[in-house]
Amino acid sequence: PPFTRKWYWSHLTKYAPPTPTTKWKKFSSKEGKFSIWFPGTPVETNQFVTNSILTAEEHLLCVNADIQDAYMVAYSDSNKFDEFMKNGKAHEFLEKSESIVVAEANGKILSQQETTFGKYPAREFEYKAGGKANYSVKVKYIMTGQRVYSLMAVFMTGSPYPEDRATFFNSFQLQN
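Residues numbered from 1 in each chain as written. Predicted model: local features only at pLDDT ≥ 70, side-chain atom pairs only at ≥ 80, totals over all residues. Heavy atoms only, no water.

1. As for the layout of surface pockets
With a probe scaled to a water molecule rolled over the atoms, the places where space remains empty come into view. Within this model, the largest pocket holds a volume of roughly 590 Å³. Along the wall of the largest pocket there are 31 residues; nearest its centre are V49, E58, V101, Y141 and S150. Of all the elements in the fold, those that place two or more residues in the lining of the largest pocket are strand 3 (43–50), strand 4 (55–64), strand 5 (69–77), helix 2 (90–104), strand 8 (135–143) and strand 9 (147–156). The element best represented in the lining of the largest pocket is helix 2, accounting for 6 residues. (1 Å grid on protein atoms, 1.4 Å probe; cavity = no way out; pocket = protein on both sides within 12 Å on 5 of 7 lines; lining within 4 Å. Points joined across faces, edges and corners; volume = space filled by probe spheres on them. Helix = DSSP H or I, 4+ residues; strand = E, 2+ residues; numbered from the N terminus.)

2. Concerning the pairing of strand 3
Little of strand 3 is tucked away, with 0 of its 8 residues classed as buried. Sheet topology note: the strand 3/strand 4 ladder contains 8 bridges and is antiparallel. When the bridges of strand 4 are listed, V49 appears paired with A56. Where strand 3 folds back on strand 4, the antiparallel hairpin that results is connected by 4 residues. (Buried < 20%, exposed > 50% of the residue type's maximum accessible area, 1.4 Å probe, protein only. Pairing = 2+ DSSP bridges.)

3. Considering the nonpolar core
Judged by nonpolar contacts, the single largest core of 26 residues is most densely connected at M72, F93, Y127, V137, V139, M143 and M152. Elements represented by at least two residues in this core include exactly strand 4, strand 5, helix 2, strand 7 (120–128), strand 8 and strand 9. If sequence neighbours within four positions are ignored, M152 has contacts with L60, A70, Y71, M72, A74, V137, K138, V139, F168 and F169. Core analysis: the second largest hydrophobic core is formed by 19 residues, W24, F27, L61 and V63 among them. (Core = buried A, V, L, I, M, F, W, Y, C linked by side-chain atoms within 4.5 Å. Contact = heavy atoms within 4.5 Å.)

Read these as layout, nothing more, since geometry by itself doesn't imply function.
This is the structure we're talking about:
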């Protein structure tokens, strides 16, 4: 996860520019039932996420493109997600998930929006990590029944590359 990575709070050194989006590669996950463009080959890990809402296994695919940027897609399955959708509480669940993530980083929300992804409920938000951390995170949650997808772009607050984030988020597609 981005919070275990060493982030430098003093950036006097110039870092190499990010990988141009023209060199990004399409990645497809048969198990995850999605495709997305990454600036490299993702590393896959599994972890258990436990919070006040639920406990679920999370499948995480991450590319640390350079010292400044990381791109991640995670997905978790739970019958509780389907219950939230059937009860009309999907957006409420996604909003609470946002609150938990931002609180864990002692972050400050910069923007947030309840939205959809096709026919599915979704939530987009961006936050700046608290303390001496010098990074921000843009997140998109998508609930598709028993599965929730989390798309995350981590970037140094002072060096955002919005076109890279747009490429990443706009390239996400669900597959059967």
